[in-house]
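# Structure at a glance
Letter by letter, the chains look like this.
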Amino acid sequence: MNPQAKLIFALSLTLGTTLTISSTHWIMAWTGLEINTLAILPLISKSHHPRAIEAATKYFLVQAAASALVLFSSMTNAWHTGQWDITQLSHPTSCLILTVALAMKLGLVPFHFWFPEVLQGSSLIVGLLLSTLMKFPPITLLYLTSPSLKPSILMTMAILSAALGGWMGLNQTQTRKILAFSSISHLGWMAIIIAYSPKLALLNFYLYTLMTAAVFLSLNSIKALKLSTLMTTWTKTPSLNAILLLTLLSLAGLPPLTGFLPKWLIIQELTKQEVALAATIIALLSLLGLFFYLRLAYCATITLPPHTTNHMKQWYNTKPTNTMVAVLTTMSLMLLPISPIILAVV
């Protein structure tokens, strides 16, 4: 793709995201969401592969429907209350429609079907953008409107997301699909807490973005798109593979790694809010996710491919690892000891 075109799309993504997260008026927020959608479509379809075109089409249709629902919700609220302010969403029908619209934007169950397919049709870098940057504006809108939304609906969608995200990721062999179901599962954790502690949901999103970026960039540098490829990369970058093992365990939420912090705080807050049953269910459902993270980690570092003579060994990579990967993986592993400082800042 032309570098000038890439620059225009990158600037459009930045503009769309900034517009949505900084606006107080529904029309401006909707405009930002539309700019984001239109800017990411050429990046998804740039390979001209039929699967990439299909992914771009699916993404466009889902996001267009969700944007229409956001607009319909805000107009209904303005009709009944005379308010266009994002934080003044008070009409019950508007709140329900907005919950559905943002669930579609984010890929929460039961509106999750598009997300794994779109991620599978994209490159790893575009997949990273779809899993992190493109989810920031909807999460911000969810954060701003959280006092108006029904906790029961959000909790139901959250538990279903954690269950289906873990369950459907179990038998996958493609790394992008595994990370898509991982994203759905993590969104469940954010949705369950956003009605009780919106700041905690944002903290969870920031740490999830950090760890997911580390995994996507690591997989991109070793060019691993499926588990069978991941098995043969230990000869290419042994140190990066070892660090990838720890980053995946951090994404699973194992102590003493960074990923344990949001899960620990969310369970603690849910128990304080006297919804210990939901906390127990979502904690048990995270074990499903742990299984496929362990499977990824096992393929990356612990096992050798069967019939090694049939597999082409990759040459050892003498080039230094990307600095961004080094910084992100370090932060994905070592932020738990400084959690009091993080909580003080948030």
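Because the structure is a prediction, the values reported are computed rather than measured. (Residues numbered from 1 in each chain as written. Predicted model: local features only at pLDDT ≥ 70, side-chain atom pairs only at ≥ 80, totals over all residues. Heavy atoms only, no water.)

## Remarks on the overall build of the protein
Along the backbone of the protein there are 16 helices and zero strands. Computed over its C-alpha atoms, the radius of gyration of the protein comes to 20 Å, within 12% of the 20 Å expected for a compact globule of 346 residues. Dimensions along the principal axes, computed over C-alpha positions, put the protein at roughly 70 × 50 × 35 Å. Within the protein, the proportion of its 346 residues that are buried is 53%. Within the structure as shown, the protein displays about 15300 Å² of accessible surface, and the carbon and sulfur contribution to it stands at 71%. Charge separation in the protein, taken as the distance between the mean sites of 18 positive and 6 negative side-chain charges, equals 17 Å. (Helix = DSSP H or I, 4+ residues; strand = E, 2+ residues; numbered from the N terminus. Rg over C-alpha atoms; globule rule 2.2 N^0.38 Å. Buried < 20%, exposed > 50% of the residue type's maximum accessible area, 1.4 Å probe, protein only. Areas by Shrake-Rupley, 256 points an atom, 1.4 Å probe, with all protein chains shown as cover. Lys, Arg positive; Asp, Glu negative; His and termini not counted. Charge placed at Lys NZ, Arg CZ, Asp CG, Glu CD.)

## Some points on the UniProt feature "domain: NADH:quinone oxidoreductase/Mrp antiporter transmembrane" (unreviewed entry) in the protein
Mapped onto this numbering, the UniProt entry annotates "domain: NADH:quinone oxidoreductase/Mrp antiporter transmembrane" (unreviewed entry) at residues 23-288. Its end C-alpha atoms 38 Å apart, residues 23-288 is made of 75% helix and 0% strand. (UniProt positions renumbered as here; feature names shortened; annotations may be inferred.)

## Observations regarding the pattern of salt bridges
All chains considered together, the criterion is met by two salt bridges. A salt bridge links Lys58 to Glu54; the nearest nitrogen and oxygen atoms lie 2.8 Å apart. Here Lys58 pairs with Glu54, and both are found in helix α3 (residues 50-81), just four residues apart, close to one helical turn. For Lys58, a relative accessible area of 29% translates into the label partly exposed. A salt bridge links Glu117 to Lys177, with the nearest nitrogen and oxygen atoms 3.4 Å apart. Within this pair, whereas Glu117 is found in helix α5 (residues 114-120), its partner Lys177 is found in helix α9 (residues 175-193), the two being separated by 60 residues in sequence. Under the relative-accessibility criterion, Glu117 is labelled partly exposed at 32%. Overall, the relative accessible area of 18% leaves Lys177 in the buried class. (Salt bridge = Lys/Arg side-chain N within 4 Å of Asp/Glu carboxyl O.)

## Digging into helix α6 (residues 124-131)
Among the eight residues of α6, six are classified as buried, and the element is accordingly described as predominantly covered. Contacts from the buried residues of α6 go to α2 (26-44), α3, α5, α9 and α10 (198-222). (Contact = heavy atoms within 4.5 Å.)

## Notes on the side chain of Ser286
Checked against the element boundaries, Ser286 lands in helix α14 (residues 276-302). What makes Ser286 buried here is its relative accessible area of 16%. Within the structure, Ser286 has its side chain in polar contact with the backbone oxygen of Ala283 (distance 2.6 Å). Setting aside anything within four residues of it in sequence, one finds Ser286 in contact with Trp189 and Lys263. (Polar contact = N/O pair within 3.5 Å; in protein donor to acceptor, adjacent residues only side chain to side chain.)

## Quick look at the domain arrangement of the protein
Looking at the assigned domains, one finds that the protein contains domain 1 (1-133) and domain 2 (150-308 + 315-345). Once you take the C-alpha centre of each, domain 1 and domain 2 turn out to be 23 Å apart. Taken together, the contacts link 21 residues of domain 1 with 29 residues of domain 2. When domain 1 packs against domain 2, the two sides together hide about 2200 Å² of surface, and 77% of this comes from carbon and sulfur. Three residues stand out in domain 1 for area buried against domain 2, namely Val109, Gln120 and Leu124, and they jointly supply 31% of the buried area on that side. (Domains from an automatic or database assignment. Buried area = accessible area lost by both parts, 1.4 Å probe.)

## Some thoughts on the packing of helix α1 (residues 3-22) against α2
Relative orientation of the contacting elements α1 and α2 amounts to 155°, with a least axis distance of 7 Å. With respect to their mutual orientation, α1 and α2 come out roughly antiparallel. Like other packed secondary-structure pairs, α1 and α2 cross with a definite hand, here left-handed. When α1 is examined against α2, the residues Phe9, Ser12, Leu13, Leu15, Gly16, Thr17, Leu19 and Thr20 are found in contact with a partner set consisting of Met28, Ala29, Thr31, Gly32, Leu33, Ile35, Asn36, Ala39, Ile40, Pro42 and Leu43. (Axes fitted to C-alpha atoms, helices over the stretch in contact; angles between N-to-C directions. Parallel < 35°, antiparallel > 145°, perpendicular 65-115°, else oblique. Left-handed = near helix turned anticlockwise from the far one by under 90°.)

## With respect to unusual backbone geometry
Residue Pro110 is bonded to the preceding Val109 through a cis peptide linkage, with omega at 10°. Of note, Pro110 is situated in the loop between α4 (92-106) and α5. Following Pro255, the chain continues into Pro256 via a peptide bond in cis, with omega recorded as 5°. By the element assignment, Pro256 lies in the loop between α12 (238-252) and α13 (260-272). With a phi angle near 65°, His48 is a residue other than glycine that sits in the positive phi range. The exposure class assigned to His48 is exposed, which follows from its relative accessible area of 66%.

## Describing α9
Structural remark: α-helix, 3.6 residues per turn; residues separated by three or four positions point the same way. Under the 1.5 Å per step criterion, the end-to-end length of α9 is 28 Å for 19 residues, consistent within 8% with the ideal 27 Å. Across the 19 residues that make up α9, a large majority, 19, are buried. (Expected span 1.5 Å × (residues − 1).)

## Side note on a nonpolar patch on the surface
Residues Ile27, Met75 and Trp84 make up a contiguous nonpolar surface patch of about 250 Å² in total accessible area. Within the fold, Trp84 resides in the loop between α3 and α4. (Patch = residues over 30% accessible without salt bridge, like charges linked within 9 Å, V, L, I, M, F, W, Y side chains within 5 Å.)

## Quick look at the packing of aromatic side chains
The tally for this structure, following the rule as stated, stands at eight aromatic pairs. Look at Phe136 and Phe205: their rings are 5.7 Å apart centre to centre, the planes differ by 10°, and that puts the pair in the stacked class. Placement of Phe136 in helix α7 (residues 136-145) and of Phe205 in helix α10 is noted, with a sequence separation of 69 residues between them. Phe205 sits in the buried class, given a relative accessible area of 3%. Each ring, one from Phe260 and one from Trp264, has its centre 5.9 Å from the other, and the planes form 5°; the classification is stacked. (Phe/Tyr/Trp six-rings, centres within 6.5 Å; stacked < 30°, edge-to-face > 60°.)

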